[in-house]
Structure formats: C-alpha cells, structure tokens
Amino acid sequence: QIKISTTRFNTSLELKNLQRVIDFLAKLSKLDPTLGEEIGRAGSQAVLTKIFVQIKRCISIAESSCETTEEDFDALMDLQNSACEVYSPTIRGMPFTNEELRYRLP
C-alpha cells in the first residue's frame, strides 16, 4: 500500500520521490511510445489507479486542515497531473509491426 505523509505535502520526501518516478515514466513514455505501451501493459495503470485514490484522500485531508498551504495543494495537483500523463498517454497507433516487435525483443 502506498503511504504518503499527511503533514506537509509540499515538503514530503515520499511525495517528492513519487513525483520523480512518475515524471520519469511520463518522459520515458513520450520518448519511446512502444516502451510506454509496454510499461502500461506491465501494470503501471493499476498502480496509478491506487495513486489516484491516495491523491484524492490527501486532497480531502488538505481541504479539511487549517494548516494546509497553497504549496501543499500545488504539490498534490502536480503529482496528479504527472500521473495523468502516464495513465493516458497519446496513442498514435503501433509504430512497428508484430514481426518488428519480435525482432526488437530478446
């Protein structure tokens, strides 16, 4: 289960690390759409669904807290936007035939 510190979202080390991983996956999916599809097939969308649930939970906590700052909301929204990029990348169709894919794979 994914646990995120609920004290200060904009300074949370867990949130920053998660943001880096999701940003990396988003960039990787843009650079190599075929690899992006493979990442999606490997279960990243199931993990991202769990992350979305946790982000919603954190937003609810932030909304009910008097100590939440604009930076906290920005950090959560940035994470949500990055996760959306990975979850639903632009699909332009398969750039390779099945034979070309088999040739590329070990």
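Keep in mind that what you see is a predicted model, and the values were worked out from it rather than measured.

Engineer: A description of the confidence of the model for the protein chain should follow, citing residues and the corresponding values.
Structural biologist: Confidence in the prediction of the protein chain, expressed as mean pLDDT, is 77, and 82% of residues score 70 or more. Within the protein chain, helix H1 (residues 13-31) carries the highest mean pLDDT (85), whereas helix H4 (residues 98-104) carries the lowest (72).

Engineer: Tell me what's going on with the pattern of salt bridges, and back it up with residues and numbers.
Structural biologist: Counted according to the given criterion, the structure contains 1 salt bridge. For Glu 85, the salt bridge goes to Lys 30, with nearest N and O atoms at 2.9 Å. Of the two residues, Glu 85 is situated in helix H3 (residues 70-87) and Lys 30 in helix H1; the sequence distance between them amounts to 55 residues. Take Glu 85: its relative accessible area is 37%, and that puts it in the partly exposed class. The exposed category is assigned to Lys 30, whose relative accessible area is 59%.

Engineer: An account of the packing of H1 against helix H2 (residues 33-64) is requested, with residue identities and associated values reported.
Structural biologist: It is at 9 Å that the axes of H1 and H2 come closest, and there the two elements cross at 150°. Here H1 is positioned roughly antiparallel relative to H2, judged by the angle of their axes. The interaxial crossing formed by H1 with H2 has left-handed handedness. Contacts from Leu 18, Ile 22, Leu 25, Leu 28, Ser 29, Lys 30 and Leu 31 of H1 reach H2 at Pro 33, Leu 35, Gly 36, Ile 39, Leu 48 and Ile 51. Partitioning the contact of H1 with H2 into residue classes produces 10 nonpolar, 2 polar and 1 charged.

Engineer: I'd love a proper account of H3, names of residues and values included.
Structural biologist: Here H3 contains 18 residues, and its C-alpha end-to-end distance of 25 Å stays within 8% of the 26 Å for a straight helix at 1.5 Å per residue. Those residues of H3 not exposed but buried are Asp 72, Ala 75, Leu 76, Leu 79, Ser 82, Ala 83 and Val 86. One side of H3 carries all its buried residues, which in axial view fall inside an arc of 125°. Where H3 is buried, its residues meet H1 and H2.

Engineer: Residues and numbers for H1, please.
Structural biologist: End to end, H1 covers 27 Å across 19 residues, agreeing with the expected 27 Å (1.5 Å per residue, within 8%). For H1, every residue scored as buried is listed here: Leu 15, Leu 18, Gln 19, Ile 22, Ala 26 and Ser 29. The buried residues of H1 occupy an angular sector of 105° when the element is viewed end-on, so they sit on one face. Turned more than 90 degrees from where H1 packs its buried face, Leu 13, Arg 20, Phe 24, Lys 27 and Leu 31 sit exposed.

Each value, and the rule that gives it
- Residues numbered from 1 in each chain as written.
- Predicted model: local features only at pLDDT ≥ 70, side-chain atom pairs only at ≥ 80, totals over all residues.
- Heavy atoms only, no water.
- pLDDT = per-residue confidence, 0-100.
- Helix = DSSP H or I, 4+ residues; strand = E, 2+ residues; numbered from the N terminus.
- Salt bridge = Lys/Arg side-chain N within 4 Å of Asp/Glu carboxyl O.
- Buried < 20%, exposed > 50% of the residue type's maximum accessible area, 1.4 Å probe, protein only.
- Axes fitted to C-alpha atoms, helices over the stretch in contact; angles between N-to-C directions.
- Parallel < 35°, antiparallel > 145°, perpendicular 65-115°, else oblique.
- Left-handed = near helix turned anticlockwise from the far one by under 90°.
- Contact = heavy atoms within 4.5 Å.
- Nonpolar A, V, L, I, M, F, W, Y, C, P; charged D, E, K, R; others polar.
- Expected span 1.5 Å × (residues − 1).
- Arc of directions from axis to C-beta.

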